[in-house]
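For reference, the chains in residue letters:
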Amino acid sequence: MSTPDSDRDSGEFESEESDGTRAQSEVAAAIARYLRSNGDSSQYRSTAESVLSKFETWLRRRGKDTFDAFEDEGEQLLRRYSDRLAQRVEADGISASSAQTYYNVISGFLGFCVRDGALTRNPALADRAREPLPRDDEDHSQQFWTREVRRKLVQHTNDTAYEAIESDGMDARQEVRDRALVHVLAYTGVRGAEVFRVSGDNREGRQGLTWARVDTDAWTFRVWGKAQEWEDVSVPKQAREALRRWRTVLDPPSAEWPVFPTAHAPSKYAAVRDALGTDDANARLDGAEVDDVLRDEDVAPPAITTEGARRVLERIADTAGVDIDGKPPLPHGARRGLGDELFRTDRGLAQDVLRHKSLSTTKEAYSHIDASERGEAVSDVLDE
């Protein structure tokens, strides 16, 4: 069984009362009973505790951590959570099999709640609730950008950015941002969840890449990797000028500014209100542009989300007339494509760029290349 991300908080099963004390929710109390009754498998208990902790936190933040909520809208809640898991898979944060595992843990817990008398039925069993989950028998890792796809996307964003700069100068923000985004994906092998904000994940390394973690002398940037530790990503020369030009146009007022800020206006307004308080923020925003207030008050906006970056890439690809088997290129396809090309030339370099812990992991990811090359070798032997 896959082990979930180790970002458990010992207080996640609790909610806060108005007097500052912590009170256990109905769902949290049932989770505690479920874990106590779950036999002798310490591995499953560890997995279930982490998965259910995150699930209870997700419910509590929406005010849905009661069994009445499950009776009234259980299928819809589970469907939304399935969609959240699917987004994490698409962002290359977890595998499709892990998403299935997490959902099955939740379903097992809700089945226990039915047997325990807290629920009349298990909403996780409904097809409607499971529908958004990526199927474990589908290989979601196989879309990859060919060299031609990469070339077309890079060339399109280069041309668009240069034209916009000639026309609008330093106001060519979207075009220059799009160019930097495509170049970073195309040439660094980074995962989307490492540079864009992951909705619902409040860890520092999942809030989007900031300029503080970009070193333009060494041309590297630091990300919170899939192995749950900080890792250095190399920026090859093909991506440097696009990133350097974007920083000039963006002109971030502090190093804490995200490399790829959101363009979502409500998120920017919310950032101002969180930083200044509602009354001061409303007074400050009255008649002012939110972007000006963010800069004047040195309030960093949120980064673009993984889903937002996917939509940006879809728009760019549509304009450029680029697709992969009739579908828009996905951010993780850039990583797969770069790894595919490097693996054919230098296995060790592919491992280093993709930041795999062992060469066996890289070889497993690109086993189709090994198989193809073995076939060619066998053919050569048989022809002799």
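Before reading further, recall that the structure is shown in the block above.
The structure contained in this document is the topic of the report that follows. (Residues numbered from 1 in each chain as written. Predicted model: local features only at pLDDT ≥ 70, side-chain atom pairs only at ≥ 80, totals over all residues. Heavy atoms only, no water.)

## A look at the overall build of the protein
Move 1: The secondary structure content of the protein amounts to 17 helices and 5 strands.
Move 2: Evaluated residue by residue, the protein yields a buried proportion of 48% over its 384 residues.
Move 3: The contacts in the protein between residues at least 6 apart in sequence include a share of 65% that link residues at least 24 apart.
Move 4: On the protein, roughly 19000 Å² of surface is accessible, and the fraction owed to carbon and sulfur atoms is 43%. (Helix = DSSP H or I, 4+ residues; strand = E, 2+ residues; numbered from the N terminus. Buried < 20%, exposed > 50% of the residue type's maximum accessible area, 1.4 Å probe, protein only. Contact = heavy atoms within 4.5 Å. Areas by Shrake-Rupley, 256 points an atom, 1.4 Å probe, with all protein chains shown as cover.)

## Quick look at the sheet that holds strand 5 (residues 230-234)
Move 1: Taken in spatial order, the 3 strands line up as 3-4-5 in an open sheet, and their pairing is antiparallel. Edge positions in the sheet fall to strand 3 (214-215) and strand 5, since each has one partner strand and no second.
Move 2: In this sheet, strand 5 lies alongside strand 4 (residues 220-224) in antiparallel orientation, the contact comprising 5 bridges. Paired with Val223 across the bridge in strand 5 is Glu231. (Pairing = 2+ DSSP bridges.)

## Describing the pattern of salt bridges
Move 1: Per the stated rule, a full pass over the model turns up 24 salt bridges.
Move 2: We note a salt bridge from Arg179 to Glu241, for which the minimum N-O separation is 2.5 Å. Residue Arg179 is located in helix 7 (residues 173-188), and its partner Glu241 is located in helix 9 (residues 237-250); the two are separated by 62 residues in the primary sequence.
Move 3: With a closest N to O distance of 3.0 Å, Lys268 and Asp291 form a salt bridge. You can see Lys268 sitting in helix 10 (residues 265-276) and its partner Asp291 sitting in helix 12 (residues 290-296), a full 23 residues away along the chain.
Move 4: Connected through salt bridges with shared partners, the residues Arg191, Glu194, Glu231 and Arg355 form a single ionic network. (Salt bridge = Lys/Arg side-chain N within 4 Å of Asp/Glu carboxyl O.)

## Considerations on the packing of aromatic side chains
Geometry of an aromatic ring pair is reported as the spacing of the ring centres plus the angle between the planes.
Move 1: Evaluated as defined, the whole model comprises 8 aromatic pairs.
Move 2: Aromatic pair Tyr34 and Phe112: ring centres 5.4 Å apart, planes at 55 degrees, arrangement tilted. Placement of Tyr34 in helix 1 (residues 26-36) and of Phe112 in helix 4 (residues 96-115) is noted, with a sequence separation of 78 residues between them. Taken individually, Tyr34 and Phe112 each receive the classification buried, so the pair is uniform in this respect.
Move 3: Considering the side-chain rings of Trp58 and Tyr81, the 4.9 Å spacing of their centres and the 70 degrees angle between planes classify their relative orientation as edge-to-face. On the criterion of sequence distance, the pair formed by Trp58 in helix 2 (residues 42-61) and Tyr81 in helix 3 (residues 67-90) is long-range, its members being 23 residues apart.
Move 4: An aromatic cluster is present here, built from Phe55, Trp58, Phe70 and Tyr81 joined pairwise through their rings. (Phe/Tyr/Trp six-rings, centres within 6.5 Å; stacked < 30°, edge-to-face > 60°.)

## Points about the pairing of strand 4
Move 1: Inspection of the sheet shows strand 3 paired to strand 4 by 2 bridges, in the antiparallel sense. When the bridges of strand 4 are listed, Val214 appears paired with Phe221.
Move 2: The turn linking strand 3 back onto strand 4 is made up of 4 residues, and Trp219 within it adopts a positive phi angle of 55 degrees.
Move 3: What sits between the antiparallel neighbours strand 4 and strand 5 is a turn of 5 residues, in which Gln228 has the positive phi angle 65 degrees.

## So, helix 7
Move 1: In this model, helix 7 (16 residues) spans 22 Å end to end at C-alpha, consistent with the 22 Å of a helix rising 1.5 Å per residue.
Move 2: With 13 of 16 residues buried, helix 7 lies mostly within the body of the structure.
Move 3: Where helix 7 ends, the next residue or the one after it, Gly189, has phi of about 75 degrees, a positive value. (Expected span 1.5 Å × (residues − 1).)

## What about the environment of Trp230?
Move 1: In this structure, Trp230 sits in strand 5.
Move 2: You can call Trp230 partly exposed: its relative accessible area is 29%.
Move 3: Here the alpha-carbon distance between Trp230 and Gly205, two residues 25 residues apart in the chain, equals 8.2 Å.
Move 4: Contact partners of Trp230, with chain neighbours within four places excluded, come to Glu204, Gly205, Arg213, Arg222, Val223 and Trp224.

## Let's talk about the nonpolar core
Move 1: If you look at the biggest cluster of nonpolar residues, it comprises 50 residues, and the most contacted ones within it are Trp145, Phe221, Trp246 and Phe260.
Move 2: Of all the secondary structure elements, the ones that give two or more residues to this core are helix 6 (147-168), helix 7, strand 4, helix 9, helix 10, helix 11 (278-285), helix 12 and helix 13 (306-320).
Move 3: Every residue in contact with Trp246, bar those within four places of it in the chain, is listed here: Arg173, Val176, Arg177, Ala180, Trp211, Val259, Phe260 and Pro261.
Move 4: Within the second largest apolar cluster, 36 residues are counted, among which are Leu52, Phe109, Ala124 and Leu133. (Core = buried A, V, L, I, M, F, W, Y, C linked by side-chain atoms within 4.5 Å.)

## Things to note about the environment of Leu342
Move 1: Along the chain, Leu342 turns up in helix 14 (residues 331-345).
Move 2: Taking C-alpha positions, Leu342 is 8.7 Å from Val353, a pair spaced 11 residues apart along the chain.
Move 3: With near-sequence residues (within four places) excluded, Leu342 lies in contact with Arg347, Leu349, Ala350 and Val353.

## Considering the packing of helix 10 against helix 11
Move 1: Contact pair helix 10 / helix 11: the axes reach a minimum separation of 7 Å and the direction vectors enclose 130 degrees. In terms of orientation, helix 10 and helix 11 fall into the oblique class. Handedness of the helix 10/helix 11 crossing: right-handed. Between helix 10, through Tyr269, Val272, Arg273 and Leu276, and helix 11, the contact on the second element is made entirely by Thr278, Asp280, Ala281, Asn282, Arg284 and Leu285. (Axes fitted to C-alpha atoms, helices over the stretch in contact; angles between N-to-C directions. Parallel < 35°, antiparallel > 145°, perpendicular 65-115°, else oblique. Left-handed = near helix turned anticlockwise from the far one by under 90°.)

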